[in-house]
Amino acid sequence: MFREHPALLLENLSKQYDDGTVALEGFDLEIPAGAFFGLLGPNGAGKTTLISAVCNLLRISDGEISVFGHPHDSMEARRSIGLAEQDINLDRFLTARETLIYHGGYFGMDDLEARADEMIEAFGLQSKRDVRAPKLSGGQRRRLLLARALMHRPRLVILDEPTAGVDFELRTELWRYIRRLHAEGTTILLTTHYLEEAEELCDEIALIRGGRLIARDTADGLRDHFAVDRLQDVYVKAMAS
Amino acid sequence: MSGLVWLCKRETLRVSKLWTQTVLAPVISSILFILVFGLSLGGRIQGVSDVDYEIFIVPGLITMGMVQAAYANNASSIFQARFDRYIHDVLSAPMRPWQITLGYTVGGIFRALAIGVSLLVLSVLLVDVPIERPFALVAAVSLGLVLFSALGVVAGIYAEVWDHTTFIANIVILPLAFVGGVFYSVEVLPSPWEELSHFNPVFYLVNAVRFGFLGESDVSVWLSLGVTAALALPVYAWSQWLFTTGKRLKD
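Residues numbered from 1 in each chain as written. Chains lettered and ligands numbered in written order. Predicted model: local features only at pLDDT ≥ 70, side-chain atom pairs only at ≥ 80, totals over all residues.

## Regarding the overall build of chain A
Moving on, step 1. In terms of regular secondary structure, chain A is built from 9 helices and 10 strands.
Moving on, step 2. Considering only C-alpha atoms, chain A reaches an extent of 50 × 45 × 40 Å along its principal axes.
Moving on, step 3. Expressed as a percentage of its 241 residues, the buried residues of chain A come to 46%.
Moving on, step 4. Long-range pairs, those at least 24 residues apart, make up 66% of the contacts in chain A with a sequence separation of at least 6. (Helix = DSSP H or I, 4+ residues; strand = E, 2+ residues; numbered from the N terminus. Buried ≥ 20, exposed ≤ 12 C-beta atoms within 10 Å, placed from the backbone. Contact = placed C-beta atoms within 7 Å.)

## As for the sheet that holds strand 3 (residues 36-40) of chain A
Residue and element names in this part refer to chain A.
Moving on, step 1. With respect to topology, 6 strands assemble into an open sheet ordered 6-7-8-3-9-10, the strand pairing being mixed. The sheet terminates laterally at strand 6 (81-84) and strand 10 (212-217), the two strands that pair on one side only. Averaged over all neighbouring strand pairs, the angle between strand axes comes to 15 degrees, with direction disregarded.
Moving on, step 2. Of the pairings in the sheet, the one linking strand 3 to strand 9 (residues 204-209) comprises 4 bridges and is parallel in character. What sits directly across from leucine 39, in strand 9, is alanine 206.
Moving on, step 3. Helix 5 (residues 138-150) contacts strand 6 and strand 7 (156-160) of the sheet and is inclined by roughly 170 degrees relative to strand 6.
Moving on, step 4. Helix 8 (residues 219-226) contacts strand 9 and strand 10 of the sheet and is inclined by roughly 110 degrees relative to strand 10. (Pairing = 2+ DSSP bridges. Axes fitted to C-alpha atoms, helices over the stretch in contact; angles between N-to-C directions.)

## As for the nonpolar core
It is characteristic of soluble globular proteins that their nonpolar side chains tend to be buried jointly.
Moving on, step 1. Among the nonpolar cores identified, the biggest contains 154 residues, and Ile158 of chain A together with Ala140 of chain B are the most heavily contacted of them.
Moving on, step 2. With 18 residues, helix 3 (residues 53-83) of chain B is the single largest residue contributor to this core.
Moving on, step 3. In contact with isoleucine 158 of chain A, other than residues within four places in its own chain, are Ile51, Val54, Cys55, Ile81, Gly82, Leu83 and Leu189 of chain A. (Core = buried A, V, L, I, M, F, W, Y, C linked by C-beta atoms within 7 Å.)

## Considerations on helix 1 (residues 2-17) of chain B
Moving on, step 1. Between its first and last C-alpha atoms helix 1 of chain B spans 22 Å; for 16 residues at 1.5 Å apiece the expected length is 22 Å, and the two agree.
Moving on, step 2. Buried residues of helix 1 of chain B: Gly3, Trp6, Leu7, Arg10, Glu11, Arg14 and Val15 of chain B, and no others.
Moving on, step 3. Packed against the buried residues of helix 1 of chain B are helix 3 (96-106) of chain A together with helix 2 (19-40), helix 3, helix 4 (87-91) and helix 5 (97-127) of chain B. (Expected span 1.5 Å × (residues − 1).)

## Brief notes about the interface of chain A and chain B
Moving on, step 1. On the side of chain B, 21 residues touch chain A, which itself brings 23 residues to the contact.
Moving on, step 2. Taken together, the elements giving at least two residues each to the side of chain A that touches chain B come down to helix 2 (75-80) and helix 3 of chain A.
Moving on, step 3. Element by element, the count of residues in the side of chain A that touches chain B is highest for helix 3 of chain A, at 4 residues.
Moving on, step 4. Per-class residue counts for the side of chain A that touches chain B are 10 nonpolar, 5 polar and 8 charged. (Nonpolar A, V, L, I, M, F, W, Y, C, P; charged D, E, K, R; others polar.)

## Some details on unusual backbone geometry
Moving on, step 1. Proline 192 of chain B follows serine 191 of chain B through a cis peptide bond whose omega is 10 degrees.
Moving on, step 2. If you trace the backbone, proline 192 of chain B turns up in the loop between helix 7 (162-178) and helix 8 (193-197).
Moving on, step 3. A positive phi angle, close to 50 degrees, is found at phenylalanine 68 of chain A, a residue other than glycine.
Moving on, step 4. Looking at the element boundaries, phenylalanine 68 of chain A is found in the loop between strand 4 (62-67) and strand 5 (70-71).
Moving on, step 5. The exposure class assigned to phenylalanine 68 of chain A is partly exposed, which follows from the 19 C-beta atoms found within 10 Å.
Moving on, step 6. Not every positive phi belongs to a glycine, and alanine 227 of chain A is a case in point at roughly 55 degrees.
Moving on, step 7. Tracing the sequence through the fold places alanine 227 of chain A in the loop between helix 8 and helix 9 (231-240).

## Here's the deal with the sheet that holds strand 1 (residues 8-16) of chain A
Residue and element names in this part refer to chain A.
Moving on, step 1. Read from one edge to the other, the open sheet built from 4 strands follows the order 2-1-4-5, with strand pairing classed as antiparallel. Taken across any chain shown, the strands that pair with only one partner, and hence form the sheet edges, are strand 2 (22-31) and strand 5.
Moving on, step 2. Pairing analysis gives 2 bridges linking strand 4 to strand 5, with the strands arranged antiparallel. Bridge pairing in strand 5 links serine 66 to proline 71.

## Details of the confidence of the model for chain B
Moving on, step 1. Looking at chain B as a whole, its pLDDT mean stands at 92, while 98% of the residues score no less than 70.
Moving on, step 2. Scored as a whole, the predicted complex attains pTM 0.91, and scored at its interfaces, ipTM 0.91. (pLDDT = per-residue confidence, 0-100.)

## Considerations on the confidence of the model for chain A
Moving on, step 1. Mean pLDDT for chain A: 92, with 99% of residues reaching 70 or above.
Moving on, step 2. Ranking the elements of chain A by mean pLDDT puts helix 9 of chain A last, at 84, and helix 3 of chain A first, at 97.

## What about the packing of helix 3 of chain B against helix 5 of chain B?
Residues and elements named next belong to chain B.
Moving on, step 1. In the contact formed by helix 3 and helix 5, the axes pass within 8 Å of each other and the chain directions differ by 155 degrees. Compared by their axis directions, helix 3 and helix 5 come out roughly antiparallel. Once helix 3 is placed against helix 5, the crossing between them reads as right-handed.
Moving on, step 2. Taken together, the residues of the contact of helix 3 with helix 5 sort by class into 15 nonpolar, 9 polar and 2 charged. (Parallel < 35°, antiparallel > 145°, perpendicular 65-115°, else oblique. Left-handed = near helix turned anticlockwise from the far one by under 90°.)

## Points about the pairing of strand 10 of chain A
Moving on, step 1. Across 5 bridges, the pairing between strand 9 of chain A and strand 10 of chain A is antiparallel. Residue pairing across strands places leucine 207 of chain A opposite alanine 215 of chain A, the latter belonging to strand 10 of chain A.

## Things to note about the pairing of strand 4 of chain A
All names here are of chain A.
Moving on, step 1. In this structure, strand 1 lies alongside strand 4, joined through 5 bridges in antiparallel fashion. Residue pairing across strands places leucine 9 opposite serine 66, the latter belonging to strand 4.
Moving on, step 2. Hairpin connection of strand 4 to strand 5: 2 residues between the antiparallel strands, including phenylalanine 68 at a positive phi of 50 degrees.

Okay, structure coming up:
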């Protein structure tokens, strides 16, 4: 019987940096297509390393990564992934609209202008469409970053702490948009420090520490497993274990 | 191929948006050399091989302006993209390493050609510089721009701070250009300086371009083109290797 490939499959993934730091060690993870998956862990746990490895921004030391059944460095896999990084990394020479159009161009899109205008409108950037990225406010840059990640209609969207440092209103707005995206069938991989965010949004949560997977389950499952009432307590217990 | 086209567009757009810095400033700087050393002082300087001095210096000045721009453009573009991490948008895109290498190289070539063509037009108007061997000129410029654009890509990838890119421009390329026969024929140099000049790669490029303009040069044009090609190919391969392996980009 036909079985859909997982959105993301990591097998025995390891990354050791040149200075000897082991960021990931024998990491296995499978995220089903259509899932809203949360990745939780303290700073230095390996979350961003994992994401960078999936998105071909990092050379892995060992292991395999596949995206919807394709090797992660294949053109098919690259086209399937949309990434919004933790730090704002917008091209300083491009306007908001150009940022989206050029990104779409890099990803081989045809309907660039119409899609860029659609994203500009969806993220409320109409009045800033011809403004260069450095002149946007922090919230506008964050919105543009997310719009860029979604521009080429990826099947797997990776959001690395998308709401870090943003105000309540923007966070709520981003949540609303991400939820709608998920409801339309997009697989979401979210890393966050906000436990309530993970609980609010994610179907399943993985806890990682020191480059290793500690636990993985639904929020309820994790609470049961660690015999506590709150996700915060799960986190504290998991990180202390 | 779409990704390559858009990366080329992005790199040329950057040059266009900053045209006063990327094109106008180097053109003014080179034209000042022609005005000061050529037209003002040229009358007091004996011509070289029956060529008026103000005409003799034009090929070297155009070469110097172009190679500096090709290098500086790509070194700064890649360094900024790495520093601000927006290079991730390119590295994660469905583009092959050869497309990324070529896309970034094109930016430097575009800027250098904008400067070169501007200087050529002004030089024709000011001193009526001839183009005796156009095919040799095209070959020399093409090889020279591939060499210095690729060198800019490599420097932009290896640089850890901004000073590293300017160090190569100011301490390596500029002095080599100055002693590479831009302002004089190396035949007038006493030994061992004449012989030492033959170890300067920019000397061969300047001579190949001068041959294209004036139909004569200090050394055989084939030797000049051969040396420039022998440098351009491995440096371009080096930049390609960096994008293929991810060395320095994905560490």
